[in-house]
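What follows is the residue order along each chain.
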Protein chains: 2
Amino acid sequence: MNDMSAPPYKVVGTRPVRPDGVDKVTGKAVFGPDFAASGMLHGAVLRSPHPHARIRAIDTSKAAALPGVRAVVTGADFPTLESLTMALGESSGDVLDIARNCMALDKALYEGHAVAAVAATSTLIAREALQLIAVDYEVLPHVIGIEEAMAADAPVLHDTLFTKGLDATPDKPSNVATRFVMANGDVESALAGAAAVASGRFTTAPVHQGYIEPHACVASVNADGQTQIWASSQGAFMIRSLTATILGMPISDIRVTPLEIGGGFGGKTTVYLEPVAVLLSRKCGLPVRLVMTRDEVFRASGPAPGSVVDLRIGADKDGKLVAADIEFRNSAGAFPGSSVHATAMCSLACYRIANFRVTGWDVVSNMPSSAAYRAPGAPPVVFAVESALDEIAMQLGLDPIDLRLRNAVRPGDPGPMGMPHGPVALVECLEAAKAHPHWTAPLAPRHGRGVAAGFWPNYGGQSTATVSVAEDGTITVVTGSPDIGGSRASMAMMAAEVLGLPYEAVRCIVADTASIGFSMVTGGSRTTFATGKAVVEASEAVVATLRARAAAIWGIEDDAVTWQGGAAQAAGQEPLTIKAIAAKAGQSAGGTIAAEATVNPLDYAAGLAVHICDTEVDPETRQVRVARYTAVQDVGRAIHPSYVEGQMQGGAVQGIGWALNEGYVHDAGGRVANAGFLDYRMPVASDLPMIDTVMIEVPNPAHPFGVKGVGEAPIVPPLGAVANAVSRAAGVRLRDLPMSPDRVHAAIAAKG
Amino acid sequence: MNDMSAPPYKVVGTRPVRPDGVDKVTGKAVFGPDFAASGMLHGAVLRSPHPHARIRAIDTSKAAALPGVRAVVTGADFPTLESLTMALGESSGDVLDIARNCMALDKALYEGHAVAAVAATSTLIAREALQLIAVDYEVLPHVIGIEEAMAADAPVLHDTLFTKGLDATPDKPSNVATRFVMANGDVESALAGAAAVASGRFTTAPVHQGYIEPHACVASVNADGQTQIWASSQGAFMIRSLTATILGMPISDIRVTPLEIGGGFGGKTTVYLEPVAVLLSRKCGLPVRLVMTRDEVFRASGPAPGSVVDLRIGADKDGKLVAADIEFRNSAGAFPGSSVHATAMCSLACYRIANFRVTGWDVVSNMPSSAAYRAPGAPPVVFAVESALDEIAMQLGLDPIDLRLRNAVRPGDPGPMGMPHGPVALVECLEAAKAHPHWTAPLAPRHGRGVAAGFWPNYGGQSTATVSVAEDGTITVVTGSPDIGGSRASMAMMAAEVLGLPYEAVRCIVADTASIGFSMVTGGSRTTFATGKAVVEASEAVVATLRARAAAIWGIEDDAVTWQGGAAQAAGQEPLTIKAIAAKAGQSAGGTIAAEATVNPLDYAAGLAVHICDTEVDPETRQVRVARYTAVQDVGRAIHPSYVEGQMQGGAVQGIGWALNEGYVHDAGGRVANAGFLDYRMPVASDLPMIDTVMIEVPNPAHPFGVKGVGEAPIVPPLGAVANAVSRAAGVRLRDLPMSPDRVHAAIAAKG
């Protein structure tokens, strides 16, 4: 499915072995929990057993006296919120919440909320010390569910939280942080005139990002405040910035070294442990390691928000969508911030709809503070929209792909953020899906087939890269973007392509925060695009230097030298290879051949995906089995096609888990009842068929090789695709995720 | 003594606390032997007990079978010399020697020469395993001394060594690697007409650099060949390059992280352990640490060459030098390379002499291969020249400073390398010495006063630096130059000066070889000059970006914006601080504010030093005590005066040790008899008076702040200054170093 008009690349588009692969399969790679520093202590975090409780007092004296304990910290060791507010000014809100999430101050806001931490000579001693910390709790009424939290009589988490975005300023605090509205045209009139209207309430559960590697870090603070942190995360600069801000330190006093990351999916774009580890190390003068257990990961990190979505969507008799009215409520967890803007923006972005009103509510409750998860905010609302489109197609007797093709956005159409859509290839994706053998394959008994589309705007943002030429002509590429999905390989490939060298001549390194310029997190599907752009620009600067060096050697003008096949070329001259030029670098006044590029691209291109799913519903257990799955996606240009396919497959699988299996379960006491991989059931390889992938390459003109972000879009369609398949297989619309056997059974039974 | 015409710097010239100081005094700094990697093994090296022996066979089977042993390597595990020669071509000589010095192949060439190495789960097991390695040696006759090694019937170390630089190609191998001749005018005629001639033979012993920290490294090789090395050295890029070349690896496959260095003085500008550790790690797949004992440091690293110098120098009756004839022989140790070019170049560089002939011989013998040591090659020959000048002054009844002033080189005079001298300030130094109270202070009984001058050409070379602005406006400076003498502080100071910020706002980091562009070793007095130049250029580029950002914010031309006091300024605008501009970086298309600069300055400025020394000779023991010492030096511009003074004092002390105490002692079997700090006596603080320092600041126009290298020059004069003082105190010329009590006694006794 490659675009045959693509230039004849030599490296881009091939599938070399990833440079970190051998380390990872041989167990040598150093992930967060693997790193050790000389003289390191082991920390442990005491967490609230109550979902909502006032902390009257904490007595750490017995813990501090336990032999082997070297430091104890509580919220009292953090800078006060007042001092942070003063230092940060108006924009302090998010950081204050992150600070309070790292360590409770006056209240524990969810079961698992950190209230104290200990560093000791062994993990066993540290855990023993936790039991010696006496916390005087005043247990408060708690609230978990979204609608319960929005109720007028709900226990209020934050005395200072007044709903933003309302027409009038509220006179009392509530659990509703924000109302966000996006609207156009006359929705009610258009719906009234529609030939078909689908409506209903759709719900999704909070789900965890489910990365295999728990959060972990080592911090080491010197007597003069200089601080090193080694951590696994999606962005070492994010850790540096948040830790410095929360602790009131100059950013340049902190150096963060990224370790290998065992999955993040958005859940490692904030800090939990790092400021705590820094405070512990500052107190005792030794490096301190903090590692979450799996139980802690579930109770105190992530999850993605759950949601309740009400919608009405109408179409004319030809299937043209005329209006949509959506009201969604996202569960932010203990602190505000459930991506309501992104939820609204992505909800209808795939389609031309003249009249719409999208209202979003950001709601806090006594759950862990929600975190980003692939395409944050998009999957639940798109699940509702794509379910509704399926109903409209059924009402009008249309092929569901044809319905979507009739309404699909084209380049230049108005986009959800006020700017026109860029080079969106939704039509191409839908046509490829329709042409795929899967779409027309006969359905076995009890099988249903669903289709759904999804949109993610993608993102650019700040990245820095350096490219340097060693004395033997081999190349090192340095970025500040942690390698999650194979970016070391794709960065090396882009550099090799520009330099005209084989992939093997280029090594890509992820550097620490001191050793490379500021780079934003690996997330939002920005890395191959933005960091890749920096790598290409730095590589081009290196080529310019190489040409100038060759010109100087030959005594001709720079412009007379071209660069081809890893060598300088000029009329009447023997080509000068990069190796030959590098060997002479010391003889030039310029010396070292290296270049740095910083980028902050503001022009980027959305990712579009269309998924087809076949499911079988077991007639006795009502368990749903995914029988066949095809993911089609507009990928711009696949630098390393295997990793693009991996993103598509991984997104599909995580979306399938969200649709069928996953979800936090709370007991009556507001405690998480399934905080482990045994009870929190994520799909594994044996649960699923091979996910077929179809890459549509419509290049992004804002990137030198045409790259579009590919990591978020594939998690957007699966919830709808699976739900549509199950609904068609079961003969009844399934509106609540996960579609666990009991729910499927209840829906079928209710239908009768 | 500051140049009062210096611009009004705010940071340059102050004396802030060094950023690595707290770590170093609290024991937290990680030096070579401190670093540990997860799963690390401990290595040990088997060394030849014979100074010269053919290795018939090595049986490592018993060692390999010892429980806990994971890898054993011998010379057979290295690439063959033939393959290296093929890969490297004509310029392979030095690297082949370094490779053979890391591990003996067919012959052990000195006592301590590595013949095998083991990696095991503990150091004890590794050392036990060494005892199980059976080496079948054929002991050969050995030779240690320079003249013995040059004798026609001497045992020859290398069958392939044919003297270079002779008029005719020799027909058989010898221990003389090179003859180097530098000549001008008619020496014999000029000497014949001289009013005063001083002549004689002067000798110096091989001395060790005497760094406190032994050589140490950890290497970790992955299954696909990617290699990490953590090591203490004067240059991580040097380790990367030499290790890759010796082992036939692509340079980009190796990443070297510099650890703190506990002294180098030139002795850590080559590899001993790193290629061995890499081979061990490659065999067992685990990280391997190798650390030398002090005994191994003495027997298998360094030393600086010993020398035998014959000279004749003549002056006319007014003290004008008319001719010099010098023939020196340097002891290179087991492999050629005793800095004969530098020795010749520095020998007469302080003075205008129309007629000269300098002949140097590079001689191998069964000692450890010599290594660089501050101002490599210069101190011994300058000791001879400055002793001769003292004799001429005595013969002519001239003040020894006046004699030197009469002949001192001035800027623009012909220099020793064919180029004219740059901004040399020898006259200023001599005048300052003459004006110093020390020079005219009365001499106590049995005291003598000596003076001597010294020259080092200094060096520029390749350096890279990056300067980046964090989100809060704090600054990180990154270089590839290990910090030996306080360069983190001086780099931060230069950046702070350019950026108009306080010193505390800037942190300087020494990065690994992947994270910064190529940078040569910290050595040759090049770092503050060349790396500093890169830091200044990168800082200036950052200022240009900051001005452009401010211009964009204000909507005016870049040129209308000036940068003062850490803020952008323009007519009619409130100044924009770096903090304010940094906070908006993400809103600009350029994003991150950072810049990289690479430099390779070919224009640099020599360092000149004049030292005055008072000594007292004990009438009974003939032990020499240094009673007073003053070091005057042309330092260009002192960025951090305390560290410049520290270089001057350290060089003086090391030179005093060379003059009075230090020297390898070999037993009849060719083994080092004093391989430890107890028997190899270096001066300690209690042995010496405070070294007084006088900085002469004559700026170097090739550096933005006027920096000249200051690390080498101060070790050049002390040998002559001390010897002249002792000779005047003893009433007899001392021509052999060290001037140990027995030698002083013998000289006085011979005089009668």
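In this text, all values refer to a predicted model and were calculated from it rather than measured experimentally.

**Topic: the packing of aromatic side chains**
All names here are of chain A.
Okay, step 1: Here the structure, examined in full by the defined rule, presents 18 aromatic pairs over all chains.
Okay, step 2: Judged by centre distance (5.4 Å) and plane angle (65 degrees), the ring pair of Phe237 and Phe518 falls under edge-to-face. Of this pair, Phe237 sits in helix α8 (residues 236–247) while Phe518 sits in the loop between β19 (506–510) and α17 (527–554), and the two are 281 residues apart along the sequence.
Okay, step 3: Accessibility expressed as a relative area gives 14% for Phe518, which makes it buried.

**Here we look at the sheet that holds strand β20 (residues 562–564) of chain A**
Residue and element names in this part refer to chain A.
Okay, step 1: As summarised here, the arrangement of the three strands in space is β20-β21-β22, forming an open sheet in which the pairing is antiparallel. In this open sheet, the two edge strands, each paired with only one partner strand, are β20 and β22 (576–577).
Okay, step 2: Both β20 and strand β21 (residues 567–569) contribute to a ladder of three bridges, which runs antiparallel. Residue pairing across strands places Thr562 opposite Gln569, the latter belonging to β21.
Okay, step 3: Across the sheet, α17 lies against β20, β21 and β22, angled at about 115 degrees from β20, the strand it touches most.

**Overview of helix α12 (residues 378–396) of chain B**
All names here are of chain B.
Okay, step 1: Its 19 residues place the ends of α12 27 Å apart at the C-alpha level, agreeing with the 27 Å of an ideal helix rising 1.5 Å per residue.
Okay, step 2: The buried fraction of α12 is high, at 16 of 19 residues.
Okay, step 3: In the stretch just after α12, Gly397 is the one whose phi turns positive, near 70 degrees.

**Observations concerning the interface of chain A and chain B**
Okay, step 1: Taken residue by residue, the interface counts 62 residues in chain A and 62 residues in chain B.
Okay, step 2: For the pair chain A and chain B, the number of links is four salt bridges.
Okay, step 3: Ionic pairing is found between Arg240 of chain B and Glu471 of chain A, a salt bridge with its closest N-O pair at 3.2 Å.
Okay, step 4: The interface formed by chain A and chain B includes 38 residue pairs in polar contact (both at pLDDT 80 or more).
Okay, step 5: Where the side of chain A that touches chain B is concerned, the elements lending two or more residues are α1 (21–25), β9 (216–221), α8, β17 (463–469), β18 (475–479), β19 and β23 (593–599) of chain A.
Okay, step 6: For the side of chain A that touches chain B, the element with the most residues is β23 of chain A, which contributes five residues.
Okay, step 7: Class assignment for the residues of the side of chain A that touches chain B results in 26 nonpolar, 25 polar and eleven charged.

**Let's talk about a nonpolar patch on the surface**
Okay, step 1: Judged by side-chain polarity, Met417, Met419, Tyr459 and Tyr604 of chain B come together as a nonpolar surface patch covering roughly 430 Å² of accessible area.
Okay, step 2: Along the chain, Met417 of chain B falls in the loop between α13 (400–407) and α14 (426–435).

**Overview of helix α20 (residues 718–730) of chain B**
Given 3.6 residues to a turn, an α-helix orients residues that are three or four positions apart in the same direction.
All names here are of chain B.
Okay, step 1: Compared with the 18 Å implied by 1.5 Å per residue over 13 residues, the 18 Å span of α20 between its first and last C-alpha is a close match.
Okay, step 2: Burial of α20 is extensive: eleven of the 13 residues sit out of reach of the surface.
Okay, step 3: For α20, the full list of buried residues reads Pro718, Leu719, Gly720, Ala721, Val722, Ala723, Asn724, Ala725, Val726, Ser727 and Ala730.
Okay, step 4: Among the residues trailing α20, Gly731 stands out with phi positive, at a value near 75 degrees.

**Remarks on the sheet that holds strand β26 (residues 691–696) of chain A**
Residues and elements named next belong to chain A.
Okay, step 1: What the four strands build is an open sheet, ordered β16-β24-β25-β26; its pairing is mixed. Among the strands making up the open sheet, the edge pair consists of β16 (447–456) and β26. Along the sheet, successive strands turn relative to each other by an average axial angle of 15 degrees, direction set aside.
Okay, step 2: The pairing of strand β25 (residues 624–634) with β26 spans six bridges and is parallel. In the sheet register, Ala631 faces β26, and the bridge partner there is Thr693.

**Looking at the domain arrangement of chain A**
Residue and element names in this part refer to chain A.
Okay, step 1: Split into domains, chain A comes out as domain 1 (420–454 + 605–751) and domain 2 (460–599).
Okay, step 2: Centre-to-centre separation of domain 1 and domain 2, based on C-alpha positions: 39 Å.
Okay, step 3: Counting residues at the interface gives 14 residues for domain 1 and 16 residues for domain 2.
Okay, step 4: Surface buried jointly by domain 1 and domain 2 totals about 1100 Å² across both partners, of which 74% is contributed by carbon and sulfur atoms.

**A few points about unusual backbone geometry**
Okay, step 1: The amide bond that connects Gly302 of chain A to the next residue, Pro303 of chain A, takes the cis arrangement and shows omega of -20 degrees.
Okay, step 2: The residue Pro303 of chain A is located in the loop between α10 (294–300) and β13 (307–315) in this model.
Okay, step 3: Of note, Ala375 of chain B is a non-glycine position whose phi angle comes to about 55 degrees, a positive value.
Okay, step 4: Tracing the backbone through its elements, the reader meets Ala375 of chain B in the loop between β15 (355–364) and α12.
Okay, step 5: Residue class for Ala375 of chain B comes out buried when judged on its relative accessible area of 0%.
Okay, step 6: Here Ser525 of chain B, not a glycine, exhibits a phi torsion of approximately 60 degrees, which is positive.
Okay, step 7: A relative accessible area of 10% means that Ser525 of chain B is categorised as buried.

**Regarding the packing of helix α19 (residues 641–660) of chain A against helix α20 (residues 718–730) of chain A**
Each packed pair of helices is defined by two parameters, the angle between the axes and the distance between the axes.
Residue and element names in this part refer to chain A.
Okay, step 1: At a minimum axis separation of 8 Å, α19 and α20 run at an interaxial angle of 55 degrees. With respect to each other, α19 and α20 are oriented oblique. Judged by the twist between their axes, the crossing of α19 over α20 is right-handed. Where α19 approaches α20, its residues Gly651, Ala652, Gly655, Ile656, Trp658, Ala659 and Leu660 are matched on the opposing element by Pro718, Leu719, Val722 and Val726.
Okay, step 2: Tallied by class, the residues present in the contact of α19 with α20 amount to nine nonpolar, two polar and no charged.

Each value, and the rule that gives it
Residues numbered from 1 in each chain as written. Chains lettered and ligands numbered in written order. Predicted model: local features only at pLDDT ≥ 70, side-chain atom pairs only at ≥ 80, totals over all residues. Heavy atoms only, no water. Phe/Tyr/Trp six-rings, centres within 6.5 Å; stacked < 30°, edge-to-face > 60°. Helix = DSSP H or I, 4+ residues; strand = E, 2+ residues; numbered from the N terminus. Buried < 20%, exposed > 50% of the residue type's maximum accessible area, 1.4 Å probe, protein only. Pairing = 2+ DSSP bridges. Contact = heavy atoms within 4.5 Å. Axes fitted to C-alpha atoms, helices over the stretch in contact; angles between N-to-C directions. Expected span 1.5 Å × (residues − 1). Salt bridge = Lys/Arg side-chain N within 4 Å of Asp/Glu carboxyl O. Polar contact = N/O pair within 3.5 Å; in protein donor to acceptor, adjacent residues only side chain to side chain. Nonpolar A, V, L, I, M, F, W, Y, C, P; charged D, E, K, R; others polar. Patch = residues over 30% accessible without salt bridge, like charges linked within 9 Å, V, L, I, M, F, W, Y side chains within 5 Å. Areas by Shrake-Rupley, 256 points an atom, 1.4 Å probe, with all protein chains shown as cover. Domains from an automatic or database assignment. Buried area = accessible area lost by both parts, 1.4 Å probe. Parallel < 35°, antiparallel > 145°, perpendicular 65-115°, else oblique. Left-handed = near helix turned anticlockwise from the far one by under 90°.

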